[in-house]
Amino acid sequence: MLKDITIGQYFPQNSVLHSLDPRMKIIAVTIFIVMLFIPNNAFGLSVGIFVSLLGYAISKIPIRMAVKSIKPIIPIIIFTSILNMIFVDGTVLFSFWFFKVTYEGIRMAAFMIVRIICLISGSSLLTYTTSPIALTDALERLLSPLKRVKMPVHELSMMMTIALRFIPTLIEETDKIMSAQKARGADMESGGIIDRAKALIPVLIPLFVSSFRRADDLALAMECRCYHGDEGRTRMKSLQYSRKDFICLAFMLLFLGLTIGLNFVFPSIY
């Protein structure tokens, strides 16, 4: 399961999506998220599905990466679906104890499953196609107006990107520690939930120690390179919008408008 977590990983490719300005990719992902939460019918949601698949096709990222990004959230999807089926009022199909499963609840659950899958898989394209350094610069440039109110924009952007960058490293470290503990005879797969939680203690302690050690090494490395935050900082590559960035924005706005229009043409599922 740990190897299926792909959050924060960057996959270099020679594609149009990789070459877009990182600021435009953040804006496009924001529009995409809005596009997923606006629809109240299957036709509007199909636009979001199409945009997600189109993004993977253009970026040349294998579709199996989208599947791997969804695997870790399967328990959340199942839990959300059960809540929707039970607590949404409507035509009762069957009941057990004091729970009632409704037809509207099943439709709502199916709708929510598709929405969450599109949200995770589509948003993952941002980190798949953008390096951590470019993502830091893009966030800082987009949030630069907040500097007028004394907001530490550079520090916030740096912290967010470092946290995102070290997710794959911590996952790899966790996998190594679990393999080492299993080689020493640790049993982490049998027993109930409480037993499995107790079995994770020998994993969490060395993981925390390793994380603090990495944080200390990173701080020392940044200090040795005379890093002082945003003060006097220059960039090797200057971010500039190009024609293809505005074409991407136009298409995203077009799809957003299409989603809004379909809401008025077709009735709601709720």
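Keep in mind it's a predicted model, so treat the numbers as computed, not measured.

A.B. asks: Could you clarify how one ought to interpret the overall build of the chain in this entry?
C.D. replies: When helices and strands are tallied, the chain shows 11 helices and two strands. When the helices and strands of the chain are listed from N to C terminus, the series reads α-α-α-α-α-β-β-α-α-α-α-α-α. When its C-alpha atoms are laid out on the principal axes, the chain stretches across 65 × 60 × 40 Å. Residue burial in the chain is summarised as follows: out of 270 residues, 36% are buried. Considering only contacts within the chain whose residues lie at least 6 apart along the sequence, 75% involve residues at least 24 apart. In the form shown here, the chain has an accessible surface area of approximately 16600 Å², with 69% of it arising from carbon and sulfur atoms. Considering the chain, the positive charge centre built from 28 side chains and the negative charge centre built from 19 side chains are found 6 Å apart.

A.B. asks: Explain a nonpolar patch on the surface to me, please; I cannot follow it from the model alone.
C.D. replies: A contiguous nonpolar surface patch, about 760 Å² in accessible area, is contributed by L142, L143, L146, V149, M151, L156, M159, Y241 and F246. Tracing the backbone through its elements, the reader meets L146 in the loop between α7 (132–142) and α8 (153–183). Relative accessible area serves as the criterion here: at 36%, L146 is assigned to the partly exposed category.

A.B. asks: I'm lost on unusual backbone geometry in this one. Help?
C.D. replies: The phi dihedral of K60 falls on the positive side, at around 65 degrees, and the residue is not glycine. Here K60 shows up in the loop between α3 (42–59) and α4 (63–70).

A.B. asks: I keep staring at the packing of helix α5 (residues 74–87) against helix α6 (residues 103–128) and nothing clicks. Help me out?
C.D. replies: A pair of packed helices is captured by two measures, namely the crossing angle of their axes and the spacing between those axes. In contact at an axis separation of 8 Å, α5 and α6 are set at 155 degrees when each is read in the N-to-C sense. On the basis of the axis angle, α5 is roughly antiparallel to α6. Two packed elements cross with a definite hand, and for α5 against α6 that hand is right-handed. Across from I77, T80, S81, N84 and M85 in α5, the residues of α6 making contact are G105, I106, M108, A109, M112, I113, I116 and I117. Partitioned by chemical class, the residues of the contact of α5 with α6 number nine nonpolar, four polar and no charged.

A.B. asks: Mind showing me how you'd approach the side chain of S121 here?
C.D. replies: As for its position among the elements, S121 is in helix α6. Given the relative accessible area of 5%, S121 is considered buried. Within the structure, S121 has its side chain in polar contact with the backbone oxygen of C118 (distance 3.4 Å). Beyond its immediate sequence surroundings of up to four residues, S121 is in contact with S52, Y56, A66, S69 and I70.

A.B. asks: Explain helix α2 (residues 22–37) to me, please; I cannot follow it from the model alone.
C.D. replies: Across its 16 residues, α2 extends 23 Å between first and last C-alpha, which sits within 8% of the 22 Å expected from 1.5 Å per residue. Within α2, burial applies to P22, R23, M24, K25, I26, A28, V29, I31, F32, M35 and L36. Of the surrounding elements, those touching the buried residues of α2 are α1 (16–19), α3, α6, α7 and α11 (243–265). For α2, the N-terminal cap is D21; the gap from its side-chain oxygen to the backbone nitrogen of R23 is 2.8 Å.

A.B. asks: Just to check I follow, could you spell out the packing of α3 against α6 for this structure?
C.D. replies: Running from N to C, α3 and α6 point in directions that differ by 30 degrees, and their axes come no closer than 10 Å. Here α3 is positioned roughly parallel relative to α6, judged by the angle of their axes. α3 and α6 meet at a crossing whose hand is left-handed. Taking contact as the criterion, the partners of A42, L45, I49, S52, G55, Y56 and S59 in α3 are, on α6, F111, V114, R115, C118, S121, G122, S124, L125 and Y128. When its residues are assigned to classes, the contact of α3 with α6 shows nine nonpolar, six polar and one charged.

A.B. asks: Explain the nonpolar core to me, please; I cannot follow it from the model alone.
C.D. replies: Where a protein is soluble and globular, its nonpolar side chains tend to be buried together. Among the nonpolar cores identified, the biggest contains 23 residues, and M35, V51 and M252 are the most heavily contacted of them. Only α2, α3, α4, α6 and α11 provide two or more residues apiece to this core. When near neighbours in sequence (up to four residues on either side) are disregarded, M252 contacts A28, I31, F32, M35 and V51. The next biggest cluster of nonpolar side chains, apart from the first, holds six residues, and it includes V29, L126, L135 and L139.

A.B. asks: So what exactly am I meant to see when it comes to the pattern of salt bridges here?
C.D. replies: It is possible for side chains of opposite charge to pair when their charged atoms get near one another. A complete count under the given rule lists two salt bridges for this structure. Between R23 and D21 there is a salt bridge, with the nearest N and O atoms lying 3.0 Å from each other. A relative accessible area of 7% means that R23 is categorised as buried. For D21, a relative accessible area of 4% translates into the label buried. Here E173 ties to R214 by a salt bridge, and the two come within 3.1 Å at their closest N and O atoms. You can see E173 sitting in helix α8 and its partner R214 sitting in helix α10 (residues 201–224), a full 41 residues away along the chain. Since its relative accessible area comes to 18%, E173 is described here as buried. You can call R214 partly exposed: its relative accessible area is 32%.

The rules behind the values
- Residues numbered from 1 in each chain as written.
- Predicted model: local features only at pLDDT ≥ 70, side-chain atom pairs only at ≥ 80, totals over all residues.
- Heavy atoms only, no water.
- Helix = DSSP H or I, 4+ residues; strand = E, 2+ residues; numbered from the N terminus.
- Buried < 20%, exposed > 50% of the residue type's maximum accessible area, 1.4 Å probe, protein only.
- Contact = heavy atoms within 4.5 Å.
- Areas by Shrake-Rupley, 256 points an atom, 1.4 Å probe, with all protein chains shown as cover.
- Lys, Arg positive; Asp, Glu negative; His and termini not counted.
- Charge placed at Lys NZ, Arg CZ, Asp CG, Glu CD.
- Patch = residues over 30% accessible without salt bridge, like charges linked within 9 Å, V, L, I, M, F, W, Y side chains within 5 Å.
- Salt bridge = Lys/Arg side-chain N within 4 Å of Asp/Glu carboxyl O.
- Axes fitted to C-alpha atoms, helices over the stretch in contact; angles between N-to-C directions.
- Parallel < 35°, antiparallel > 145°, perpendicular 65-115°, else oblique.
- Left-handed = near helix turned anticlockwise from the far one by under 90°.
- Nonpolar A, V, L, I, M, F, W, Y, C, P; charged D, E, K, R; others polar.
- Polar contact = N/O pair within 3.5 Å; in protein donor to acceptor, adjacent residues only side chain to side chain.
- Expected span 1.5 Å × (residues − 1).
- Core = buried A, V, L, I, M, F, W, Y, C linked by side-chain atoms within 4.5 Å.

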